[in-house]
Each structure stands twice: as C-alpha cells, then as structure tokens.
Amino acid sequence: MWKLKIAEGGPELVSLNNFIGRQHWEFDPDAGTPEERAEVERVREDFKKNRFQKKQSADLLMRMQLRKENPCGPIPPPVKVKETEVVTEEAVITTLRRALSFYSSIQAHDGHWPAESAGPLFFLQPMVMALYITGALNAMFSPAHQKEIIRYLYNHQNEDGGWGFHIEGHSTMFGTALSYIALRILGEGLEDGEDSAMAKGQKWILDHGGLVAIPSWGKFWVTVLGVYEWSGCNPLPPEFWLLPNIFPMHPGKMLCYCRLVYMPMSYLYGKRFVGPITGLVQSLRQELYNEPYHQINWNNARTTIAKEDLYYPHPLIQDMLWGVLHHVAEPILTRWPFSKLREKALEAAIGHVRYEDENSQYLCIGSVEKVLCLIARWVEDPNSEAYKRHLARLPDNYWVAEDGLKIQSFGCQMWDAGFAIQAILSCNLNEEFGPTLRKSHDFVKASQVRQNASGDFKAMYRHISKGAWTFSMQDHGWQVSDCTAEGLKVAILFSQMSPDLVGEKMETERFYDAVNVILSLQSSNGGFPAWEPQRAYRWLEKFNPTEFFEDTLIEREYIECTSSAVQGLALFRKFYPKHRRTEIDSSISKAIQYIEDVQEPDGSWYGHWGICYTYGTWFAVGGLAACGRNYRNCPALRKACEFLLSKQLPNGGWGESYLSSQNKLWKLVWTNIEGNRANLVQTAWALLSLIDAGQAQIDPTPIHRGVRVLINSQMEDGDFPQQGITGVFMRNCTLNYSSYRNIFPIWALGEYRRRVLFA
C-alpha cells in the first residue's frame, strides 16, 4: 500500500526547518490489512467506473490513512434541514462539531493538512520524459509508481480518445501527445489500454494534424526527447540574459514563473540538446506524424498549432519577431565570433538555474520549472551533486489518490492552513479543538521564511522574502503576497489567545518582517501582485510566447492578493497602531480604491486563482468589510450582494463552471455548472460574501437557504463530498484544492452561527 510520509528527510536532502511541511508518498508492499487493501481497490474501481461523470478524485487514500492514524471517536448522526424548516443553532453546531472532528483527524502531526493540489495534465508527462532521457526512470519510478502513473493517465483520457489541458477540459494536442508519449515510455504498446485506449489516442493526434500541431511548450519537450526538431521551434536565445536591465523585454522583468520556465529552456535551446535517439524515439517519429519524418517542413511546423489548443493566438508583431530571430539572429549567433557570446549567455542562464535550485532546496518554484531545472543540471553535468539533489526532491511533487499517481504544482500546505485556522476560529469552539489549533500554530511559526535569498539576490532578479510565507512550506522560499497576509492574520489571531491553549505567540519582530514584505509589493495603482513588484509594461503581454495561457508574461495586480493584503494590514494596525502607521494607512487606502475601481459593472470581481467571479467577489468583499465598509455605507457592497443573489440557484446554492474563468466576454456568457448543480465550496464563498457585506441585516433569507444546502450535504463521517474543481490559474487551467471542501463549509457555517444567528 501507499503511505503518506510527513516531515521526513532523506539522503541528499537539505531543509531550513527540519522538513516541517514536507509530504511525500512511498510504496510499502507489506503495509495494510487485507481489508484495507480491498477498500483501496474498491475506491479505485469506483473512480474508474464514474470517471467521465466525476473527473476529480476525492483524495481518499490520504483520508483513509490519516483517519486510521488519528481516530476521532464517535460523532452524532448528520443533521438534515427540510426546506420548510428553520435552520436552528443546534443544527449548525452539530454540523460544525461533526465537520471539525473529521477535519482534525486528517491533520498531520506537524500541524498542516495534507491535500492534493493537482489537475493540470502537463505536470506529470515531462517528468516521465526527463527521467527517460537521463536514464533514471526505473530508479525513481518503481513498478508500483509506474502502475499508478499509467492508471492516472488512462483514468483521465477523454471519451474521444484525447487528453485535455487539465482533467476537466476538452481534448488538446498538448495533453494528448504528452500523455500518449508518456504511456509509450512506460511500456504501453499501440494496442494496449481498455477499449483500444492507446490506438484512440494515436488516432486523435493524427486526426488533428499530428505532432507538428503541438503548442510551443510541447514542441520544446518533444524536441528534447528527439521526436521533433529544433528548427521547428521558435528561438529561445539565452542571449536575452545578457541584455541591459533597462531593456523593456529583459527577462528579469518577467513574471517569475515565466522567467523560471524560459531560463532552463533557453539553456537547453542554446545547447541544442537532444536526448538519446532510442528505438522508442524512432518509433514515435513514425507513429505521430501524417507524413514521413524526413519530409516535414519544420519552418512551417514552427507556427502550426491545433485549434483545440489555441487559447491565446499570437499577434502578428510576435510572429514577426520570432521570424527575425529564427531566420536572422540565430544563424548569426551560432557562428564565430558571435558563438563566443552564446557561451557567455549559456553560463549566465545556467547560473540563474543554479541559484534557483540552491535557494529553493531543489524544490524550484513549481513542478514545470522543477523538471526543466533538473534536466538542465543533468546536461550541465550528469554526475553532479545538483542532479542527485534534484532527484531526491522529486517525491515532494508526487501525490497518490484513488485515480493514480499525479504531480502537484508544489503543494498548498501554508495556503490551506491559513484558511483552515480562520475557519476553525470562526466556529468559537476553540477549547474543544485546542490540540488542533496548537499544532497548526506550530506549523505557521515554523513556515515563515526567516531570511532573504542568498547573496546579491537583486542581481538574480529576486525580491525580499524575509518575513514572508510561501504557498507551501519554508523550504520553498518564494514569497507570496496573499500567503504572507493570510499567515500574518492567523499569527496575530493566535497571539491574542491563551498560550496554554495554542502555544507561545510569535515574536513581534516577525510580524514586522511580514508587514515589510507586504508593503514592498504594492503597485502604484493600489493593487498587489502575487510574487514580486510589477516591473514591466502591460504591452509586453503581446509577446506572451504561450498559446494556452493568458496574462502570463508579466506580474500584475490581483483582487485576491490585494484583499488579503488589506485584511492582513488592517488586523496588524488594530493591534500595533504605531508601527509604520502612515505607510499602512496610505497602503490600505490605495488598495481599497483599487478594489472599488476593478469591480465589474454587474457588481462582481474576476477571480484569477479560483472559479471565478464567486471567488473574486468573496475576496473583494472581505477586503472592503475589513475596513469598515458595509451594505448601508458602500455602493460596491450593495452591488456585490445583488450580483450574488442573481446567481443563487433554486436549491439555495451557487455553482460556477471553470468556463467562466476562460471566457473572455464573461458578461455575455455566464456559465453555471452543467445541470445547474450547486458547488459547496462556491456556495460557502457566496455565503461568506453576503455575511461580510451585511446582507443579513437587509434580508437573511438567501443566507438561510444557502446554509441549508451546506448542512444537508454533510456526509456520515463528517466530511463533505468532493465536487468539481474550484481552483484555476492563468485563466485557462484548473487546479484542485481538496481541502477546500472542508475548510469553506466550516468557515461559512461558523460565521453564520456567530454573525447571523447570534446577531
């Protein structure tokens, strides 16, 4: 059986906080009773049978394990509230106690809540390809690992034979080609898979133009594998790293995620690296094209993209730039004496890769970047300690559930913990769940970043990080504005509680460090970006080189980050009114103005990191309410309530499709979930928004109706059911947060009890 390990190290691993927050899966062939193994097989079969209707796993393997390790004892039976009945305090408190008992039982011993953070279908396959190229596939992926990867890929194949960009999406060339190739690498043949799954995948690829139609990231990976040619890729010249900083297109001004993708890509492109041309690679060259490999027009292939993948068509000016780089610049830069410049550029690029590796303890900012940095370090020196350390950190990205083994972005340990703590505190049951709160407080204290990145971090285009909280854990190292603000909020809330209940509070100086990070990130328009200050002009987005993402080239402001920053600073100001008061007052004032300025005409806000207008509106309302705005004194909040009430479903819940995030003309094409189904997480977001905005003082009926949906949805064991994905990024890709289904119903019910029933 698979076992989840918490806060454990190993050979070649280094940590800044004794691995607190680390989570990785190991396979133990001797673990588990016959009954437990049978239960695992049952949930796997259930998922497979229903995979086209329910595409998101329920994260059951983790829940089964932790429930066994942390039994919570008997709980009362679930409550049901009929539509004609009044929601009583007894019904709410019983539901909360049941929910908190369950959620406490799946807390890890280091204080965080392990949870899946996956969904994209382009994290896993490049890792398989990279390990195949470096020869480490079987060393890193045992037969048990490979079996679960194969299970995962087959489970998420669409009925038409293709694979999507993410598990809920339509089939794309990117998802299909990468998944097909990964399965072939793992030993699947052309006739393998149930109902000719591999043959269907191959047919989908050929019917949609063959491998020449894969998007640019795909072109890169299949070129490195040897199944495509560098002459069919748009150039990624490493010389960009030598440009003067004043140059508007300098990579140091890119969004950090974009920068850290193209950093190792440019190194591998500059080297024109191609892996070993094995028999499998030669076979794939025959399987995936509609014409003989040696007859392909690679220059035409450079700009060929399947229509299914084309979310962001390149503007003409970008295609002209690629053409000049391909036909003019590259032939010059690869010839003497300019080749000397290339050598210098390659060293600059790999120097940045080394810096990222060392300052993230070889985790890297995300799983896409992780695999690229891994293979770049192997190309630099296949026997290096750096490559060994990269391999040792790979399990940090694995996640195993009933649908198989997948790759996470990098984990959401701190992000989930920040919300979970606030949800638990809202219930006013602190004495009953003191041990849960104490452990989570310990995790928060252990997860704050204590130092800036090493050396001259500004020369490496890094921002200050001392005092920040990351999305995952301290070892990751990357500051995030909203994670820092949420971390600051819960640390301050804990500081006001009895140390006998929750442990010693953090030192005040560490609060100051967090405030310093938050204030340093604000933009001139009042909004807050996520990772770094906004450094580039908006027009640079016209040169976004991806075809399946939008708003990905430069850092920008987000409603979520702005609201979290406002809430964190407002709470800090309440308890530390003299510290940098003028700056904090000014920051909050500008941020509030930004929140009001970006409200949509219908009263909603666009959410960039969750689906979508429900999520953005929850954040915006929370930011406004934290600064004294309410229904009666704030037109923006009145409009927000009107918007949310207009989207409430007949059953009392809310349900918004991921298509709302993708649609560029949302106002004309609001998208409910198919069948007008409610989603519990989105219902909770809407309820929290209405409560914060003061709707209960005007007419609490819609809130009562929504709360009834949450209460009636609770399961026998106190858990809530997994429904569709509610996270998103870069507009076009979904990301599951499996803890959200526990956190937000608890939070909404807690706030309802405290602020509506007891009002």
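Residues numbered from 1 in each chain as written. Predicted model: local features only at pLDDT ≥ 70, side-chain atom pairs only at ≥ 80, totals over all residues. Heavy atoms only, no water.

A. Representation of empty space enclosed by the protein. This model, assessed by the stated rule, comprises nine cavities of 30 Å³ or more. Estimated volume of the largest cavity: approximately 510 Å³. Surrounding the largest cavity, 31 residues form its lining, Tyr 257, Phe 410, Trp 531, Trp 609 and Phe 729 being those nearest its centre. Listing elements by their share of the lining of the largest cavity, those giving two or more residues are helix H10 (256-271), helix H15 (367-380), helix H19 (481-495) and strand E7 (727-729). In terms of residues, the lining of the largest cavity owes the most to one element, H10, which gives four residues. Split by residue class, the lining of the largest cavity holds 24 nonpolar, five polar and two charged. Of the volumes computed, that of the second largest cavity is approximately 380 Å³. Contributing to the lining of the second largest cavity are 24 residues, with Phe 240, Met 249, Met 254, Trp 322 and Leu 553 lying nearest its centre. Among the secondary structure elements, those contributing two or more residues to the lining of the second largest cavity are H10 and helix H13 (316-333). (1 Å grid on protein atoms, 1.4 Å probe; cavity = no way out; pocket = protein on both sides within 12 Å on 5 of 7 lines; lining within 4 Å. Points joined across faces, edges and corners; volume = space filled by probe spheres on them. Helix = DSSP H or I, 4+ residues; strand = E, 2+ residues; numbered from the N terminus. Nonpolar A, V, L, I, M, F, W, Y, C, P; charged D, E, K, R; others polar.)

B. Focus on the layout of surface pockets. Here the largest pocket is characterised by a volume of approximately 1,200 Å³. Around the largest pocket, the lining comprises 44 residues; the ones closest to its centre are Lys 54, Gln 56, Gln 722, Gln 723 and Gly 724. Counting only elements with at least two residues in the lining of the largest pocket, the list comes to helix H1 (34-49) and helix H2 (60-69). Partitioning the lining of the largest pocket into residue classes produces 16 nonpolar, twelve polar and 16 charged. Along the walls of the second largest pocket sit 28 residues, with Gln 422, Lys 489, Gln 567, Glu 751 and Arg 754 positioned nearest its centre.

C. Region of interest: a nonpolar patch on the surface. There is a patch of nonpolar side chains on the surface, built from Val 324, Val 328, Ile 332 and Phe 338 and spanning about 340 Å² of accessible area. Along the chain, Phe 338 falls in the loop between H13 and helix H14 (339-359). According to the relative accessible area criterion, Phe 338 is partly exposed, its value standing at 41%. (Patch = residues over 30% accessible without salt bridge, like charges linked within 9 Å, V, L, I, M, F, W, Y side chains within 5 Å. Areas by Shrake-Rupley, 256 points an atom, 1.4 Å probe, with all protein chains shown as cover. Salt bridge = Lys/Arg side-chain N within 4 Å of Asp/Glu carboxyl O. Buried < 20%, exposed > 50% of the residue type's maximum accessible area, 1.4 Å probe, protein only.)

Purely spatial values, then, with no claim about function.
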